[in-house]
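# Residue-level structural notes
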Amino acid sequence: MTLEPSSGSAPRAAPSSSLAIISLIAGILGLTLMPVLGSIIAVITGPMARREIAASGGAMSGEGLATAGMVLGWISLALTVIGLCVAGVIFGVPFCLLALGFAASKPSSLLPLLFTLL
């Protein structure tokens, strides 16, 4: 029994889509260094990459990268919106209460209310 040497190298994997890689990197940046800009880029380039991969007919890969980038982008955008809403409540409610005269006579009565919001 003889073993024949392999005539070729191992099959090569399909290259990853550049847009999928951009989507993943932008999604990570959206959670760390560039919250809004990175998230928007990830949410836009993710679907573009998935369409590009589907149109390639198997010549390109990276659908998981594109999906991960989109998910990270949407999570970062949701956290940004929640943070803005919380900041609006924390800073907006006291000003509204002061404008309505709730704490005009005793400004110190506003402090317990602020701590309950936090």
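Read on for a plain summary of the structure. Here the structure is a predicted model, which means the values were calculated and not measured. (Residues numbered from 1 in each chain as written. Predicted model: local features only at pLDDT ≥ 70, side-chain atom pairs only at ≥ 80, totals over all residues. Heavy atoms only, no water.)

The tally for this structure, following the rule as stated, stands at one salt bridge. We note a salt bridge from Arg50 to Glu63, for which the minimum N-O separation is 3.5 Å. A residue pair is termed long-range when its members are at least 10 positions apart, and Arg50 in helix H2 (residues 35–55) and Glu63 in helix H3 (residues 63–99) qualify at 13 residues. Arg50 gets classed as partly exposed once you look at its relative accessible area, which sits at 34%. Classification of Glu63 as partly exposed rests on a relative accessible area of 42%. (Salt bridge = Lys/Arg side-chain N within 4 Å of Asp/Glu carboxyl O. Helix = DSSP H or I, 4+ residues; strand = E, 2+ residues; numbered from the N terminus. Buried < 20%, exposed > 50% of the residue type's maximum accessible area, 1.4 Å probe, protein only.)

The next thing to look at is the packing of helix H1 (residues 18–31) against H2. Here H1 crosses H2 at 155 degrees, and the two axes come no closer than 7 Å. The orientation of H1 with respect to H2, classified from their angle, is roughly antiparallel. Viewed along their axes, H1 and H2 form a crossing whose handedness is left-handed. The segment H1 lies against H2, with Leu19, Ala20, Ile22, Ser23, Ala26, Gly27, Leu29 and Gly30 engaging Pro35, Gly38, Ser39, Ile41, Ala42, Thr45, Gly46, Met48, Ala49, Glu52 and Ile53. Here the residues of the contact of H1 with H2 are counted per class, giving 11 nonpolar, seven polar and one charged. (Axes fitted to C-alpha atoms, helices over the stretch in contact; angles between N-to-C directions. Parallel < 35°, antiparallel > 145°, perpendicular 65-115°, else oblique. Left-handed = near helix turned anticlockwise from the far one by under 90°. Contact = heavy atoms within 4.5 Å. Nonpolar A, V, L, I, M, F, W, Y, C, P; charged D, E, K, R; others polar.)

Considering the arrangement of structural elements, one finds Ala68 in helix H3. A sequence separation of 22 residues divides Ala68 from Gly46, and the C-alpha atoms of the two residues are 8.3 Å apart.

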